[in-house]
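What follows is each chain in one-letter form.
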Amino acid sequence: MLRTSSVRVLDERDRDSVHALLDADPVGNVFVSSRLRSAGIDSGRLGAELWGYIEHGRISALCYSGANLVPVNAGPKAIRQFSEHARWQGRRCSSIVGPVEAVADLWARLSPSWGPARVIRERQPVMEISRPPRAEPDPLVRRVRPAEIGILLPACVAMFTEEVGIPPDSGDGGSLYRARIEELVRTGRAFARIEDGRVVFKAEIGAVTPHACQVQGVWVHPELRGRGLSVAGMAAVVRYALAEIAPRVTLYVNDFNAPARAAYRRVGFREVGAVRSVLF
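For clarity, every value in this text was computed on a predicted model and none was experimentally measured. Within each chain, residues carry numbers counting from 1 in the order of the written sequence. For this predicted model, a pLDDT threshold of at least 70 governs which residues receive local features, and a threshold of 80 or more governs which side-chain atom pairs are given and counted, while totals over whole chains, interfaces and linings are taken from all residues. Note: side-chain values were computed over all heavy atoms of the structure, leaving out hydrogens and water.

**Student:** Describe the pattern of salt bridges, and please don't skip the residues or the numbers.
**Tutor:** Salt bridges are counted wherever a side-chain nitrogen of Lys or Arg sits within 4 Å of a carboxyl oxygen of Asp or Glu. Per the counting criterion, the structure on display carries 21 salt bridges. The shortest N-O distance in the salt bridge between E122 and R276 comes to 3.0 Å. With a gap of 154 residues between them, E122 in strand β6 (residues 119-129) and R276 in strand β12 (residues 270-279) connect regions that are remote in the sequence. D138 is paired through a salt bridge with R193; the nearest N and O atoms lie 2.8 Å apart. Of this pair, D138 sits in the loop between β6 and β7 (142-143) while R193 sits in strand β8 (residues 190-195); the two residues are 55 residues apart in sequence, bridging distant segments of the chain. Note on D138: relative accessible area 5%, which makes it buried. A single network of salt bridges, built from pairs that share partners, joins E128, R248 and R270. Secondary structure elements are taken from DSSP: a helix is a run of H or I of four residues or more, a strand is a run of E of two residues or more, and numbering for both begins at the N terminus. Buried, partly exposed and exposed residues are distinguished by accessible area as a fraction of the type maximum, computed with a 1.4 Å probe on protein chains only: under 20%, between the cut-offs, and over 50%, respectively.

Written out as structure tokens, the structure reads:
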């Protein structure tokens, strides 16, 4: 029987087809699209591989394979072949992130050889805003200056550890994580309210395309929570982002984090989908 589908590693020759597929869902695919737009598709520059599921001669699904394993537009047939490719290659990622059903299927196929997972976040609502925030922006939230990286970094480490369960400097002493934070500050995508040398509120814009950007790392100092700082802070970040970065602002949040979801709704975010994360 003639085989009409396969998986192969994509490169720059596939650019038009890849971006057409990603742009069909600019909010859901903002992370992968941002990475490819900044680094290109060739694996050497990307520092990862982009797998394409080829069906009847055309690319119908993708899987980004780097620090994260991220399926894109992948139905059951594509997931089956992506899982075979991933199992053959061996686990190189620290997480699997993507649409709930796709990740559930992918993990069911990979867990016998890759498991157990450290944490599974079953459902993380994806939220979006494309209009000015409903809440009043905090006038003290601003872009972080390069000279303030030493103030910002401890807050970033605290946020990451609280969210993921392990510190970001547990492997290489934190050099890669610090470099990433420095890049966000240098490119004007790190925002904070800083008072007396202490971060009160912070958030970064981690992924950017012409169509959307993704907020990450939202954090309020533990001693100051419950005072509405996240609502006003996020309103300020959204105002900056819509005016200067992209026409749609998105993020995803744990479904059990009711205070955060309520705060984002007060800003004007609405739920538009959900992802699942498998953390190792």
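Alright, that's what it looks like, and here's the rest.
**Student:** Kindly report on the side chain of Q124, identifying the contributing residues and their values.
**Tutor:** On the secondary structure map, Q124 appears in strand β6. Judged by relative accessible area, Q124 falls into the buried class, the value being 3%.

**Student:** Outline the pairing of strand β10 (residues 213-220), listing residues and values.
**Tutor:** Among the eight residues in β10, six count as buried, and that is most of the element. Note on pairing: two strands pair once DSSP finds at least 2 bridges between them. Linking strand β9 (residues 198-208) back to β10 in an antiparallel pair, the connection comprises four residues. As judged from the two bridges shared by β10 and strand β11 (residues 249-252), these two strands associate in the parallel manner. Within β11, the position partnered with C213 by the bridge is V249. Remark: the β10/helix α8 (residues 229-244)/β11 crossover connection has right-handed handedness. Note on handedness: a crossover is taken as right-handed if, strands pointing away from the viewer, the path from the first strand over the helix to the second is clockwise.

**Student:** Outline helix α9 (residues 258-267), supporting the account with residue identities and numerical values.
**Tutor:** Every buried residue of α9 is listed here: A260, R261, A263, Y264 and V267. In an axial view of α9, the angular spread of the buried residues amounts to 160 degrees, which keeps them on one side of the axis. Exposed side chains of α9 directed beyond 90 degrees from the buried face belong to P259 and R266. Residue contacts follow a heavy-atom distance rule, with two residues in contact if any of their heavy atoms lie within 4.5 Å. Against the buried residues of α9 lie β6, β10, α8, β11 and β12. The directions considered for the arc are those from the helix axis to the C-beta atoms.

**Student:** Any chance you could break down the packing of aromatic side chains for me, citing the residues and the numbers?
**Tutor:** Two descriptors summarise a pair of aromatic rings, namely the distance from one centre to the other and the angle between the planes of the rings. Centre distance within 6.5 Å is the pairing criterion for rings of Phe, Tyr and Trp, where only the six-membered ring of Trp is used; planes under 30 degrees apart are then read as stacked, over 60 as edge-to-face, and the remainder as tilted. The full count for this structure, using the stated rule, is eight aromatic pairs. Their ring planes at 85 degrees and their centres at 5.6 Å tell us that F31 and Y64 sit as a pair that is edge-to-face. In this pair, F31 is assigned in helix α2 (residues 30-39) and Y64 in strand β3 (residues 58-65), connecting sequence segments 33 residues apart. An angle of 75 degrees between the planes, with centres 6.2 Å apart, marks the rings of W114 and F280 as edge-to-face. You can see W114 sitting in helix α5 (residues 100-114) and its partner F280 sitting in the segment after β12, a full 166 residues away along the chain. Both residues of the pair, W114 and F280, belong to the buried class. Here, over-ring charges are defined by two tests on the NZ atom of lysine or the CZ atom of arginine: distance to the ring centre within 6 Å, and angle to the ring normal within 35 degrees. Over the ring of F280 we find R91, and its NZ or CZ is 4.3 Å from the ring centre.

Interpretation note: all reported values are geometric properties and have no functional meaning in isolation.
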